Amino acid sequence: MLLRSWITFSAVIGLLQAVVGLLSVLQHDAVLSDLLRQRISVIAQTTATSFKPIIDLGLPLSMIRNGDAIVARALEIDDQVKAVHALNPSGIILYTTDASRPKEVPHEVLQAMQLSRSVKWSTETATQIYSGFNVVGRDGATSGAVVVAYPKDRLEAASQAIVRKVVRTALLIWAAFSAISYLLLNLLLRTPQRRLARLENVVRGEPDAEIGTDSNLRSSGPGAFWRDLFGPQIRQLGANLSDARQQYDEASRELGAFASPVAEDRRPEGDDTLVATGPTAETEIAANPLRSLARQIASRLAPLAAVLMVSSALILGVITLGNVNRSIEPEMSARTNLIATVVGEDVQRALATGVPLDGLVNAEGFFADMLKQLPEIAYVAVATGRVVLEVGERIDPYLAPPRERKGVRSHPIMHNGEEIAYVVIDVDPAFISKKFLDVFLDMGVVVVVAVLIAFEIMVLMSSRSLTAALDRLQRLAAMQAAGDFSKRVVVGARTAIDRAAQILVERTEGLSAQFATAWQGVDGSEARGARLATLQARYGLSLNGPATLRFSYFTDLRLALFLFAAADELPLSFMPLYTRAARNPFPWLSESVLISLPLAGYLLAIVLVSPFSRPLARWLGPRRLLILAAAPTIAAHLWLYWATSVPEIVASRTILGVGYAFVTLACQDYVIDNTPRDERDRSLGMFSTVLFGGIFCGTALGGVLADRLGKANVFLLSATFVLVSALLIFSLVADTASRNDGPRAKAARPPLLASLRNWHFAALVFGIAIPGNICLQAFISYLVALTLDSLGASPADIGRTLMVYFLAIALVSPLAGRAAERGIPVTAVALSGGILCGISLLTAAVWPSQIAIFLAVLGSGIGSGMVRGAQVSLSMSIAETELKHLGADAVLGALRTVERFASIAGLLMVAAVAGLYGYAVATATAATLALGGAMLFGLSVLGKRAARGPVAGA
């Protein structure tokens, strides 16, 4: 147990170090690339400004005679520039500094220019960074652009250097924290390790090996910690092992009495009434209760793991930030020199035309526009002893040193061989820290995700290495203590628990062998056969040997379910943006509706496939269905990676909907079929917790990865997650196929009309369930990404915003259930949730901003958490009273079918409104549906109370 727990801790700490290190390197590359793009964008803008007077006269770029000379000036500003091109809107190069004189720019550059919504744009290829600036005439039309190409050698060299530093630092931190975790785990696990090591001696019946007492444990500290956790199991196990040993001794003694067969009392010739019967030597699936021991162990170790992971991540982040600052310093110096050179040349050019220094009226506006592209430059001034021109704000007059002091960034302006002025530049010292603020936010997201994944891994590891072995031993010991030797289990010999179970298995097999030998000696003796048949029935013996038990646990499934849910939600934060950027073969269709089609196809697939999941799970078994569903799901994720058009995206998302429906419902069936009825609710609650945990992690992590790796690469990670999930299912989940129900079993269609004729049920469906689902699909899955993107948010920002919704649901849903248990009416909880959801969306529609969207997502998450459990409870209440003749299954089926179809229609309607009137109006439409539905449901509640009044009075 200690070794496996330590390996798990070391693995998750190492995984987190790798993820944080990779994230830091990617952010370093992104920051440095962004800085390079901004710097060469200044060169592109300066060059494009020289073309603008000609364009304002109405002449095309091709009419300029000295175009090559204009673009050549950019090389004087920065000699590391690879090439400068002036091109027309079609991408044809008109003027260039490249000696090979290419005819057109690469396709990526032309696409970046055409898709850009501003005059400034940039892109990268395998070898170069491109930054462009459009030349726009007085009529607002783009007449061409200036593109500056910069080699990526410097970026790649800096990236390789930071990678080496991060790897060395991460390995040292991992080794240190791995050693610390071993010491702490050894302190915590020493007591249970010692007690469990005595199990083998207890089975053998050796003296002084009893484990049922706790007198050797202290009343506090690690001993008490594990005594409370293991005490009941250990005491019960000790008693069962003792009884099992007595039963074995008795059975062995009774069978041993048949060693000398008796010649008399022979069975009559041809009489076959005495036949050894019993269980055949086959594999059986043991349905077991939800094991809380694995979860308890993981929950007690999770805080320690969280502290170690967060601490190691913070140390790596702080050290990496220092390395990144030092790596970016040369670029910061180059940017300062660039702006000083540009400012100085512009002033010198003005002075050469006879304009006095004090007469540069429009210079401040030009410089201010340039500073927008260089956000780390806080202040630029041209001074002669006094400030003549200035833009920006000083960092701090007391901190900014005079010009004479060492380290001041100032650059002389020469005229006729004399210095007539100088440029003063203040650089914001916190610029890099501000740029890395997103990294720290992303690191926080990654740490949270890593902790949740670590928890799931620890649950699985503790189950496979400890609690599953204990369960096997406890099951065999309890059976043999009751005199049942009909079952065996497959065990190894790695631990004391396994060796103890192996002794019990050997006893079972030994008794079966004794029984078979004794039966061969019956030789027709009726009395002897009758006595053996009695022993056979008493001890569960068989001529074919004991049957093999294979245990099925939800803990074997939960990590696979967690990873699958995470894989499904990884693209949530950018899927509408990814669809919008794809090729559209249907130009007649509104873009906003087109973007919603992949989500609509996904939802439609879930609706259509769900009724067939249960019959297929019964025919194939959940394990086979899960594995079969994983294959097309992986293929669909890979298809999304290569997809270039909207139809491809719609088709692949539809396949993903099929896979999601089959996998989640098959997992749910696995839980239902392998859990006793009295623990089924708790098992399903655990199923929902794991599913939501995966959805939360996928949503949070997907935006971060899309921002760092690119949107398409996220689908490769999704496919990897599904593949790992399938491998876990294949190796851990028991095969419970039952072909008795055949694939022809059909699910009964819910009587929709009969259910909806009930006014109260219809009000619940149309007032609470449908608006809540439209809020999820139309607002959370569709509008949030598009709205935040229009406000300038990155995919990581979108992911962090969306994850709040699922976090709020996970936190509020249990609280809403407790409120109902304490006497607050469920109708009040549902009504309050619907109103809160509508008001939150309405606020975002009236004041569209990033903070308003964040608050709307949070409010709708809280409202959905209140509604989620309440609507099911209210449906069950109606099904048990007003619609009792239809049954609970039919009513719930009608609820789910109507809300799913309505959510698709609502999504398409909101998308159409967004295309016609904008995102704010579309959000207001969703808010109106939520508030109108709450009003409808409220009227239903008031009408129900009014109807009860006379009855109560009577």
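The structure this text deals with has already been given above.
Computed from a predicted model, the values in this text were never measured in an experiment.

Calculation notes
Residues numbered from 1 in each chain as written. Predicted model: local features only at pLDDT ≥ 70, side-chain atom pairs only at ≥ 80, totals over all residues. Heavy atoms only, no water. Phe/Tyr/Trp six-rings, centres within 6.5 Å; stacked < 30°, edge-to-face > 60°. Helix = DSSP H or I, 4+ residues; strand = E, 2+ residues; numbered from the N terminus. Buried < 20%, exposed > 50% of the residue type's maximum accessible area, 1.4 Å probe, protein only. Salt bridge = Lys/Arg side-chain N within 4 Å of Asp/Glu carboxyl O. Pairing = 2+ DSSP bridges. Core = buried A, V, L, I, M, F, W, Y, C linked by side-chain atoms within 4.5 Å. Contact = heavy atoms within 4.5 Å. Expected span 1.5 Å × (residues − 1). Arc of directions from axis to C-beta. Patch = residues over 30% accessible without salt bridge, like charges linked within 9 Å, V, L, I, M, F, W, Y side chains within 5 Å. Areas by Shrake-Rupley, 256 points an atom, 1.4 Å probe, with all protein chains shown as cover. Lys, Arg positive; Asp, Glu negative; His and termini not counted. Charge placed at Lys NZ, Arg CZ, Asp CG, Glu CD.

Asker: Can you walk me through the packing of aromatic side chains in this structure?
Answerer: By the definition in use, this model includes 10 aromatic pairs. Between Trp6 and Tyr182 the ring centres are 5.6 Å apart and the planes differ by 80°, which places this aromatic pair in the edge-to-face class. Pair noted here: Trp6 is in helix H1 (residues 2-56) and Tyr182 is in helix H4 (residues 153-196), with a separation of 176 residues, a long-range link. Accessibility expressed as a relative area gives 26% for Trp6, which makes it partly exposed. You can call Tyr182 partly exposed: its relative accessible area is 35%. Look at Phe485 and Tyr539: their rings are 6.1 Å apart centre to centre, the planes differ by 55°, and that puts the pair in the tilted class.

Asker: Teacher, can you tell me more about the pattern of salt bridges here?
Answerer: A side chain of one charge can pair with a side chain of the opposite charge if their charged atoms are brought near each other. Under the criterion given, the structure shown has eight salt bridges. The partner of Arg101 in a salt bridge is Asp68, and the shortest N-O contact between them spans 3.8 Å. Within this pair, whereas Arg101 is found in the loop between strand E2 (93-96) and helix H3 (107-115), its partner Asp68 is found in helix H2 (residues 67-77), the two being separated by 33 residues in sequence. Take Asp68: its relative accessible area is 33%, and that puts it in the partly exposed class. Across the salt bridge formed by Glu124 and Lys152, the nearest N and O atoms sit 3.1 Å from each other. With Glu124 in strand E3 (residues 120-124) and Lys152 in the loop between strand E5 (142-151) and H4, this residue pair connects regions lying 28 residues apart in the sequence. It is possible to trace a salt-bridge network through shared partners that takes in Arg37, Glu124 and Lys152.

Asker: I would appreciate a short explanation of the pairing of E3 in the present structure.
Answerer: In regular strands, side chains alternate between the two faces of the sheet. Burial along E3 is one-sided: the face carrying Trp121 and Thr123 is buried and the face carrying Lys120, Ser122 and Glu124 is not. The antiparallel hairpin formed by E3 and strand E4 (residues 128-136) contains three residues in its connecting segment.

Asker: Help me understand the nonpolar core in this model?
Answerer: A general trend in soluble globular proteins is that nonpolar side chains are found buried together. By size, the foremost hydrophobic cluster in this structure holds 156 residues, and its most contacted members are Phe9, Leu16, Met309, Phe761, Phe779 and Val784. Examining the composition of this core, we find that 17 residues originate from one element, helix H21 (residues 759-790), more than from any other. Contacts of Phe761, omitting those with residues within four sequence positions, involve Ser755, Leu756, Ser875, Ile878, Leu883, Val891, Ala894 and Leu895. Listed in part, the 29 residues of the second largest apolar core include Ile70, Val146, Leu155 and Ala158.

Asker: Is there a simple way to explain helix H12 (residues 526-539) in this structure?
Answerer: Each α-helix winds once per 3.6 residues, and so residues spaced three or four apart point in a common direction. In this model, H12 (14 residues) spans 20 Å end to end at C-alpha, consistent with the 20 Å of a helix rising 1.5 Å per residue. Inspection of H12 places Arg528, Gly529, Leu532, Leu535, Gln536 and Tyr539 among the buried residues, and these make up the whole buried set. Buried residues of H12, seen end-on, are gathered within an arc of 120° and therefore sit on one face of the element. Seen from the buried face of H12, the exposed residues on the opposite side, beyond 90 degrees, are Thr534 and Ala537. Looking one or two places after H12, you find Gly540, whose phi comes out positive at around 65°.

Asker: Sorry if this is basic, but what is going on with the environment of Ala870 here?
Answerer: Looking at the secondary structure, you find Ala870 in helix H24 (residues 850-880). Take Ala870: its relative accessible area is 6%, and that puts it in the buried class. Those residues in contact with Ala870 that sit more than four places away from it in its chain are Val826, Val829 and Ala830.

Asker: Please explain a positive patch on the surface as it appears in this structure.
Answerer: On the surface, Arg164, Lys165, Arg168 and Arg326 cluster together into a positively charged patch. With three residues, H4 is the largest single contributor of residues to the positive patch. Mapped onto the elements, Lys165 comes out in helix H4. Relative accessible area serves as the criterion here: at 31%, Lys165 is assigned to the partly exposed category.

From the geometry alone we can't say anything about function, so treat these as descriptive.
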